[in-house]
Amino acid sequence: MSQKILVIDDSLVATKLTENVLAQNFHGVDVLLAQRGNDAFDRFNVAQPDLILLNESLPDMDAEAVCYRLLNDPATSKVPVVLLASNGNGDRIEERYNNVIKVLPKPVTPESLLDIVNATLSKNKPMVNPARQLLFHDPSRTVFSGHTAFFSLRSALQMAYGDRLTGALRFFVNRCPIELFISKGRFLFATTRNFQMYCRDSPVILSATNLGLIIEGQVAQGATGCPIFLFLSVRNGFPHDDVVQIVRDHGQRVFANLWTAGRVTFEFGELQEFPDYAKNFPPGNEDPDNWILGSLRHVKFDNLMAAQRPDPNGSPAYTRKGYELIQKLKLNDVEARFATAINGAESLQSIAKKIGIPLNDALLIVFRFAALDIIDYWSSNVLSLPGAPAPAGAA
């Protein structure tokens, strides 16, 4: 089981230095990032870190407020916190909150950071994920299981699709699993009992709905996993006609959290029958890659882990089967223009400028295409090596 470190710091320079030090010295550890306190608590919905590196001040709250909230939530109270402080309040916070195990004065040296991280991770075993409870785990109905350190999200979906399985593909993130219902290999929708995660990045589309019904829907989703929009459509409280498409879109949105959650365990469990709310839901027609692409479009650049952020000075090139794969995808206009511009020689910055999109948007497309094994991405360090092969050779 992989371990995870959450870095909470609004300074891009400090964060970059920290994540580089950690990534270079802890290859089996996922480094997650958050620039605001509230963003950090959102990260807890999808990933349970084994250690937190917390800056003393953030744009939306101070370190003491973060420590207080962590300590008063049973799901986060045991996570050790290392406080990065320079204002003299660090010792006081350490005395008041027993989840703070160390205060490092700023500026933090790589040596002091490595010493405390190494000591903490070696002493603490990876935490048991709270989502993997008996309620969600029936070994007798498990068709396959794995861990994304060895078996990709894409491979898991392809297996269920190719073998025409019927049941639920569950990914065990923090608090509650993300469940993707599949009928004879065709995808219905993804959901979770964690309502906060399900609706976190959703557009405001519940404003015209009765508050009492919304609360009932939240409770129902927490108890059964029924998406709130299905609940409201049954109760005649949701005014939108195309509930099926909304549920599908929100399923891909909640699944998108898995791409930046670090490595997670999963299993496919057969179901004799679907829950009542999913029994009559029409399956979609997407193949795994098109369904995945729809989910990847919801990933934000700020949520990418250190190891996932492409080098902006690199160059994309099609994999051996990449050009064939991309012909089967339903690309949006920007993705299609980007795909046409890939020639194995031009840098990403040149491609972004040629098709007129911001660099971060281009980096996100690189992330999507790499997740689908469409491209290899050659970093500037590789390209600058003497005798390095030209990127076009990978096509």
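Residues numbered from 1 in each chain as written. Predicted model: local features only at pLDDT ≥ 70, side-chain atom pairs only at ≥ 80, totals over all residues. Heavy atoms only, no water.

Undergrad: Even after reading the chapter, I still don't get helix 16 (residues 359-371), so can you show me in this structure?
TA: The periodicity of an α-helix, 3.6 residues per turn, causes residues three or four positions apart to be oriented the same way. The first and last C-alpha atoms of helix 16 sit 18 Å apart over 13 residues, in line with the 18 Å expected at 1.5 Å per residue. Within helix 16 the residues assigned to the buried category are A362, L363, L364, I365, V366, F367, R368 and F369. Here the buried face of helix 16 lies against helix 12 (288-296), helix 13 (322-326), helix 14 (333-341), helix 15 (348-355) and strand 12 (375-378). Once helix 16 finishes, D373 follows within two positions and takes phi at roughly 60°, a positive value. (Helix = DSSP H or I, 4+ residues; strand = E, 2+ residues; numbered from the N terminus. Expected span 1.5 Å × (residues − 1). Buried < 20%, exposed > 50% of the residue type's maximum accessible area, 1.4 Å probe, protein only. Contact = heavy atoms within 4.5 Å.)

Undergrad: Explain empty space enclosed by the protein here, please?
TA: To find leftover empty space, one rolls a probe the size of a water molecule over the atoms. Inspection of every chain in the model, using the stated rule, returns one cavity of 30 Å³ or more. Volume-wise, the largest cavity comes out at about 50 Å³. Forming the boundary of the largest cavity are F187, L188, F189, R248, Q252, G284, E286 and W291. Every element with two or more residues in the lining of the largest cavity is listed here: strand 9 (186-192) and helix 10 (243-255). Ranked by residue count, the leading element in the lining of the largest cavity is strand 9, at three residues. Across the lining of the largest cavity, the residue classes tally to four nonpolar, two polar and two charged. (1 Å grid on protein atoms, 1.4 Å probe; cavity = no way out; pocket = protein on both sides within 12 Å on 5 of 7 lines; lining within 4 Å. Points joined across faces, edges and corners; volume = space filled by probe spheres on them. Nonpolar A, V, L, I, M, F, W, Y, C, P; charged D, E, K, R; others polar.)

Undergrad: Can you help me understand unusual backbone geometry in this one?
TA: Across residues other than glycine, the phi torsion is negative in most instances, and most of the peptide bonds are trans. Across the junction of K106 and P107, the peptide omega takes the value 0°, indicating a cis bond. With respect to the helices and strands, the residue P107 is situated in the loop between strand 5 (100-105) and helix 5 (110-123). With a phi angle near 55°, R164 is a residue other than glycine that sits in the positive phi range. A positive phi angle, near 60°, is found at D373, a position not held by glycine. Structurally, D373 is set in the loop between helix 16 and strand 12. The partly exposed category is assigned to D373, whose relative accessible area is 41%.

Undergrad: How should I be thinking about the sheet that holds strand 9 in this particular structure?
TA: Strand pairing in a sheet is mediated by backbone hydrogen bonds. Such pairs are either parallel or antiparallel. In spatial order, the strands read 6-10-7-8-9; together these five strands make up an open sheet with antiparallel pairing. Looking at which strands have only one partner, the edges of the open sheet turn out to be strand 6 (142-147) and strand 9. For this sheet the average axis-to-axis angle between neighbouring strands, irrespective of direction, equals 15°. Taken together, the five bridges between strand 8 (residues 178-183) and strand 9 define a ladder with antiparallel strand orientation. In the sheet register, L180 faces strand 9, and the bridge partner there is A190. Its contacts with the sheet place helix 10 against strand 7 (167-171), strand 8 and strand 9, and it is angled at close to 65° to strand 9. (Pairing = 2+ DSSP bridges. Axes fitted to C-alpha atoms, helices over the stretch in contact; angles between N-to-C directions.)

Undergrad: Looking at this structure, how should I read the environment of T15?
TA: You can see T15 is positioned in helix 1 (residues 12-25). Overall, T15 belongs to the buried group, its relative accessible area being 8%. Taking C-alpha positions, T15 is 9.6 Å from A306, a pair spaced 291 residues apart along the chain. Setting aside chain neighbours within four positions, we find T15 in contact with D9 and L33. A polar atom in the side chain of T15 sits 2.7 Å from the backbone oxygen of S11. (Polar contact = N/O pair within 3.5 Å; in protein donor to acceptor, adjacent residues only side chain to side chain.)

Undergrad: Explain the nonpolar core to me, please; I cannot follow it from the model alone.
TA: Taken as a class, soluble globular proteins show a tendency for nonpolar side chains to be buried jointly. The biggest cluster of nonpolar side chains holds 102 residues, and the ones touching the most others in it are L54, L169, F171 and F338. Element by element, the count of residues in this core is highest for helix 16, at seven residues. Ignoring sequence-local partners within four residues, the contact set of F171 consists of L153, A156, L157, P177, I178, F255, L258, V264, T265 and F266. Among the nonpolar cores identified, the runner-up in size contains 18 residues, and L51, L53, L84 and L121 belong to it. (Core = buried A, V, L, I, M, F, W, Y, C linked by side-chain atoms within 4.5 Å.)

Undergrad: What's the story with the pattern of salt bridges in this structure? I'm lost.
TA: Pairing is possible between side chains of opposite charge, provided their charged atoms come close. Inspection of the entire model under this criterion finds 15 salt bridges. In this structure, D30 and R263 form a salt bridge, with 2.8 Å as the shortest nitrogen-oxygen distance. Here the residue D30 occupies a position in strand 2 (residues 29-34), and R263 occupies one in the loop between helix 10 and strand 10 (265-270), the gap between them amounting to 233 residues. Between R337 and D333 there is a salt bridge, with the nearest N and O atoms lying 3.2 Å from each other. Of this pair, R337 and D333 both sit in helix 14, four residues apart, roughly one helical turn. Here R337 falls in the partly exposed class, since its relative accessible area comes to 32%. What emerges from the salt-bridge pattern is a single network uniting E64, R92 and R96. (Salt bridge = Lys/Arg side-chain N within 4 Å of Asp/Glu carboxyl O.)

Undergrad: I tried to follow the packing of helix 14 against helix 16 on my own but got confused; where do I start?
TA: One way to put it is that helix 14 packs onto helix 16 with a least axis distance of 11 Å and a crossing angle of 80°. Classified by the angle between their axes, helix 14 and helix 16 sit roughly perpendicular to one another. Residue-level contacts link V334, E335, F338 and A339 of helix 14 to A362, I365, V366, R368 and F369 of helix 16. When its residues are assigned to classes, the contact of helix 14 with helix 16 shows seven nonpolar, no polar and two charged. (Parallel < 35°, antiparallel > 145°, perpendicular 65-115°, else oblique.)

Undergrad: Looking at this structure, how should I read a nonpolar patch on the surface?
TA: Taken together, the side chains of L211, I215 and V219 make up a nonpolar region of the molecular surface, amounting to roughly 310 Å² of accessible area. Position of I215 among the secondary structure elements: in helix 8 (residues 211-224). (Patch = residues over 30% accessible without salt bridge, like charges linked within 9 Å, V, L, I, M, F, W, Y side chains within 5 Å. Areas by Shrake-Rupley, 256 points an atom, 1.4 Å probe, with all protein chains shown as cover.)

Undergrad: Mind showing me how you'd approach the confidence of the model for the chain here?
TA: Do not read the predicted coordinates in detail wherever pLDDT is low. When pLDDT is averaged along the chain, the result is 87; 90% of the residues meet or exceed 70. Ignoring residues within four places in sequence, the model shows residues 391-395, a span with pLDDT below 50, making 15 contacts including any to other chains. (pLDDT = per-residue confidence, 0-100.)

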